[in-house]
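Report on the structure
Now for the letters of each chain:
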Amino acid sequence: MSEVSTGPVTVEMIDGVARVTMFGPPVNALGLPLRKALVEALDGIAHDPQATAVLLTGQAKAFSAGADITEFDAAASSPDLRELVAKVEDFPLPVIAAITGVALGGGLELAMAANARIADPEARLGLPEITLGLLPGAGGTGRLPRLVGPARALDMILSGKPVSAAQAHHDGLVDAVFADPAAKDGVRWVAHFALKGDRTRTRDRQEKVEVAHAAPGTVAKLAAVPLHKAKDPYAAQAAVDAITAGIEVSFETGAQLEREKFDERRQSPESAAQRYLFTAERAARKPRNLSTGVGRRVARAGVVGAGTMGSGIAMALAAAGIPVTIVEAEQDALDRGLARIVDNLATSVAHGSRTEAAASSERALIETSLNYGALAAADLVIEAAFEDLQVKKDIFATLERHVRPDAVLASNTSYLNIDVLAAGTAHPERVLGMHFFSPANVMPLVEVVRGAQADAEALATGFELVRRIGKTPVVVGVCHGFVGNRMLEVRSAQAERLLVEGALPGQVDRVLTDFGFRMGPFAMGDMAGLDIGWRNRKAQGLTAPVSDAICKSGRFGQKTGAGFYAYEGRDRQDDRFVAELIEGVSAELGIVRRPICDQEILDRLTFPMINEGARILAEGIADRSGDIDVIWVKGYNWPAYRGGPMWYADQVGLAHVAERLQHYALLTGDESLQPSPLLGQLADDGTTFGGDSR
Ligand code: 3H9
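A short tour of the structure in this document, coming up. Predicted model, so just to flag it, every value in this text is computed and none were measured. For every chain, the first residue of the written sequence is number 1, and numbering continues from 1 along that sequence. Given that this is a predicted model, residues contribute local features only at a pLDDT of at least 70 and side-chain atom pairs are listed and counted only at 80 or more, while totals for whole chains, interfaces and linings are drawn from all residues.

A few points about the overall build of the chain
Helix and strand counts for the chain come out as 29 helices and 21 strands. Its C-alpha atoms give the chain a radius of gyration of 28 Å, within 12% of the compact-globule value 26 Å for 694 residues. Its C-alpha atoms give the chain principal-axis dimensions of roughly 90 × 60 × 50 Å. Every one of the 694 residues in the chain was classed for burial, and the buried ones make up 50%. In the chain, of all internal contacts separated by at least 6 residues, the share reaching a separation of at least 24 is 73%. Numbering of helices and strands runs from the N terminus; a helix is a DSSP stretch of H or I covering at least four residues, while a strand is a stretch of E covering at least two. For this measure, only C-alpha atoms enter the radius of gyration; the expected value for a globule follows 2.2 Å times N^0.38, where N is the number of residues. Note on burial: count the other C-beta atoms lying within 10 Å of the residue's C-beta; 20 or more is buried, 12 or fewer is exposed, in between is partly exposed, and C-beta positions come from the backbone. With C-beta atoms placed from the backbone, a contact is any residue pair whose C-beta atoms sit within 7 Å.

What follows is the structure, given as structure tokens:
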């Protein structure tokens, strides 16, 4: 066996098979050095008379995670990824990709240009470009449909979700699955392929696209549902256009369009926003004021409360293979929580997102009890009871009598002061907040609240648990509502003010859905139930004249068939009754209603949030403006292609935001709208929040 290394690529000759191994840690991103080394290695093999075939593989945890994201701010240097892909496709010898770890984006495009693909059972394959506001740009929109058919290809490209090796094998993306495909058995497979394999280029395979090719319009029909669900409508439409051309006209036409659309999207503000979020999310995993790697591995968890949040949290833990015990005060509540879990698992089996076996093993990991003693073995307990400080204090006091002295205690409170809760315990150093979002088994974010007295081990235990259950943890400090809900409260107050001044719920909600939110504040309130907010306001001695009046009229939202809107089933309609009620409130308050334009609505809903975000930064509640953006995108569905509120502010310009806030403060007499000191200072300096750097 001979071995030649050119920087990040090694070539070994094994029984006539040239094994080419990429080594560009951590994930073999296909940046210029790796592309150059690959081209050089392939050129060498092409001139090697001993070589009969190529096995292309990657060391480290990836075959390849695709194009190097950090190169996207400029046009690619030669050899670019498309040239590399063409080299593999037109190589004089058979090329087989042996996939271990992930093959994503350009990594999978490279593999699809090979003559065949063999994969490890743990491998995952996907085209996640859409999550970066892009479409596949190295032939993926043409080759994937030829391997898996147009419907599966549309689904993979528009969702961006990777598939397992087994699924890829079933779909035709992978030719064989076995352990260690880059080792001995893989070499043997490749040698056999060199003798007998079908070397038709992927681009020339027509079987799976023939029907759609013969019936123009088929791709558009197949695309309708995944297109509707896609989070980035611009990149999604561009991908559909390229896929359609590649099937209905020709591979070459599709490839040409794909190139043009890719370059257009690469330079778009929507892609810039999503690439920024990619980095911001990874930065959030390296918090400045919390050490990672010192947490205890949670072997068993506990949850107090079997309500919507408690049962959702238990499901999220069980889905990650963590045994969990739920404790409740009443049998009825426990039964309802368990029924919710069983229902949820059954639905996910029916929808195909879980196998029957996975659902039953998750169910088996969840135990229930009416007795706190059942939490004696837990390493960490998450309290998810009623949002009331005294209730939570009592629970923590009871918990302390039953859990191990070193167990970490977390509260899922969304507003309350963690330090006050911790102060009531004998061991405040082990208390922190873990604020999940509803539904907790689905939503990808958890605010990890850094209690003032919590020790490094307790914080890291909570933080690392969130990572382990596949969610994004963002560390925040203690204040009312933490980061997300504190900013949401500011937005809600403005939404209410806008109604009183002249807008109606339909207009306010439409402005936010036009901006890219899935729902506006009033439709959202109707869905969640208006009585909850009403009860909270009453408990805090607060009022919201329109919302209170709606609740007083017995309209609590969808569940009562009426709220800010009238409902027939889930169909929402503007309601004359609501318009009159709002006009009545304005009159009572002596406010002369005026027409409010969409731009003012958008500014009044977003700029005060940004102002609050600046206060949050100044107080050190969030470490970076990027953390705030991650919270809003992952927890509140702020459209990812607008990067989060702080990124949005940076794009609009902080001087403009500050000027508008001053203007609205003057217009409405609401002094809370005045720019905060930090916002004012950055605006004066002509700088930005700066994502990661602040
Ligand atoms: C594309 O391919 C376009 C083509 O179609 C056409 C071109 C013409 N580039 O996530 P992690 C870094 S678009 C550069 O923490 P994990 C990442 O920033 C690309 N860097 O690990 C982090 O750095 P740091 C399509 C990358 O185990 C480190 O690697 N591909 C890239 O949780 C570890 O990452 C994608 O969208 C990259 N492509 O997850 C895949 N990928 O340590 C994007 C990662 O400094 N990547 N890094 O913070 C992923 O989904 C995950 O990183 C992966 C590993 C699943 C691979």
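Quick word on the nonpolar core
Buried Ala, Val, Leu, Ile, Met, Phe, Trp, Tyr and Cys residues whose C-beta atoms connect them within 7 Å together make up a nonpolar core. If you look at the biggest cluster of nonpolar residues, it comprises 104 residues, and the most contacted ones within it are Ile313, Ala314, Leu380, Val381, Leu432 and Val448. For this core, the element with the highest residue contribution is helix H13 (residues 308–319), accounting for seven residues. Once residues lying within four places of it in the same chain are set aside, the contact partners of Ile313 are Val303, Ile382, Ala384, Asn412, Phe436 and Ala440. In this structure, Val11, Ala37, Ile96 and Ala123 belong to the second largest nonpolar core, which totals 88 residues.

Some details on the site of the ligand
Being near a molecule or strand means, for a residue, that its backbone-placed C-beta atom lies within 6 Å of it. Looking at the ligand, there are 25 residues lining it, with Gly66, Ala67, Gly105, Gly106 and Gly137 nearest. Of all the elements in the fold, those that place two or more residues in the shell around the ligand are strand S7 (102–104) and helix H3 (106–113).

Points about helix H11 (residues 251–266)
With 16 residues, H11 should reach 22 Å at 1.5 Å per residue; the first-to-last C-alpha distance of 22 Å fits that figure. The complete set of buried residues in H11 reads Phe251, Gly254, Ala255, Leu257, Glu258, Lys261, Phe262, Arg265 and Arg266. Each buried residue of H11 sits inside an arc of 165° when the element is viewed along its axis, so together they form one side. Exposed positions of H11 whose direction lies more than 90 degrees from the buried face are Glu252 and Glu260. For H11, the elements touching its buried residues are helix H4 (140–148), helix H10 (233–248) and helix H12 (269–284). In this scheme, a helix's expected span is set at 1.5 Å multiplied by one less than its residue total. For this quantity, the arc is that covered by the directions from the helix axis to the C-beta atoms.

Observations regarding helix H21 (residues 521–528)
Counting buried residues along H21, six of its eight residues qualify, which places the element largely inside the surrounding structure. Along H21, the residues that are buried comprise Pro521, Phe522, Ala523, Met524, Gly525 and Asp526. At its buried positions, H21 is contacted by helix H19 (484–501), helix H20 (505–515), helix H22 (530–540) and strand S21 (571–573). Backbone geometry just downstream of H21 places Gly529 in the positive-phi region, at approximately 105°.

Things to note about the packing of helix H14 (residues 331–350) against helix H15 (residues 356–364)
Axis angles are defined between N-to-C directions and span 0 to 180 degrees, where every axis is a line fitted to C-alpha atoms and, for a helix, only to the segment in contact. Running from amino to carboxyl end, H14 crosses H15 at an angle of 165°, the nearest separation of the two axes being 9 Å. Considered as vectors, H14 and H15 are oriented roughly antiparallel to each other. With respect to the hand of their crossing, H14 and H15 are arranged in right-handed fashion. In contact with Val342, Leu345, Ser348 and Val349 of H14, H15 contributes Glu356, Ala359, Glu362 and Arg363. Each residue gets one label: Ala, Val, Leu, Ile, Met, Phe, Trp, Tyr, Cys and Pro are nonpolar, Asp, Glu, Lys and Arg are charged, and the others, such as Gly, are polar. Grouping the amino acids of the contact of H14 with H15 by side-chain chemistry returns four nonpolar, one polar and three charged. Orientation is classified from the angle alone, with under 35 degrees giving roughly parallel, over 145 giving roughly antiparallel, 65 to 115 giving roughly perpendicular, and any other angle giving oblique. Handedness of each helix crossing follows the sense of rotation of the near helix against the far helix: counterclockwise by less than a right angle gives left-handed, clockwise gives right-handed.

Brief notes about the packing of H10 against H11
The contact between H10 and H11 brings their axes to 7 Å, and the two run at 165°. Considering their axes alone, H10 and H11 lie roughly antiparallel with respect to each other. Seen from above, H10 lies across H11 with right-handed handedness. Contacts between H10 and H11 pair Tyr234, Ala235, Ala238, Asp241, Ala242, Ile243, Ala245 and Gly246 from the former with Phe251, Thr253, Gly254, Ala255, Leu257, Glu258, Lys261 and Arg265 from the latter. Split into classes, the residues belonging to the contact of H10 with H11 amount to nine nonpolar, three polar and four charged.

Here we look at the sheet that holds strand S19 (residues 472–476)
Whether two strands pair depends on DSSP finding at least two bridges between them. Judged by pairing direction, the sheet is mixed, and its eight strands sit side by side in the order S14-S13-S12-S15-S16-S17-S18-S19 without closing on themselves. A strand with exactly one partner marks an edge of an open sheet, and here the two such strands are strand S14 (366–369) and S19. Strand-to-strand twist across the sheet, computed as the mean angle between neighbouring axes with direction ignored, equals 25°. As paired strands, strand S13 (residues 324–327) and S14 are joined by four bridges and run parallel to one another. Looking across to S14, one finds that Val324 is bridged to Ile366. Along the sheet face, H13 touches strand S12 (301–304), S13, S14, strand S15 (380–383) and strand S17 (431–436) and points at about 170° away from the line of S13. Sitting on the sheet, helix H16 (residues 389–402) touches S12, S15 and strand S16 (408–411), and the angle it makes with S15 is about 160°.

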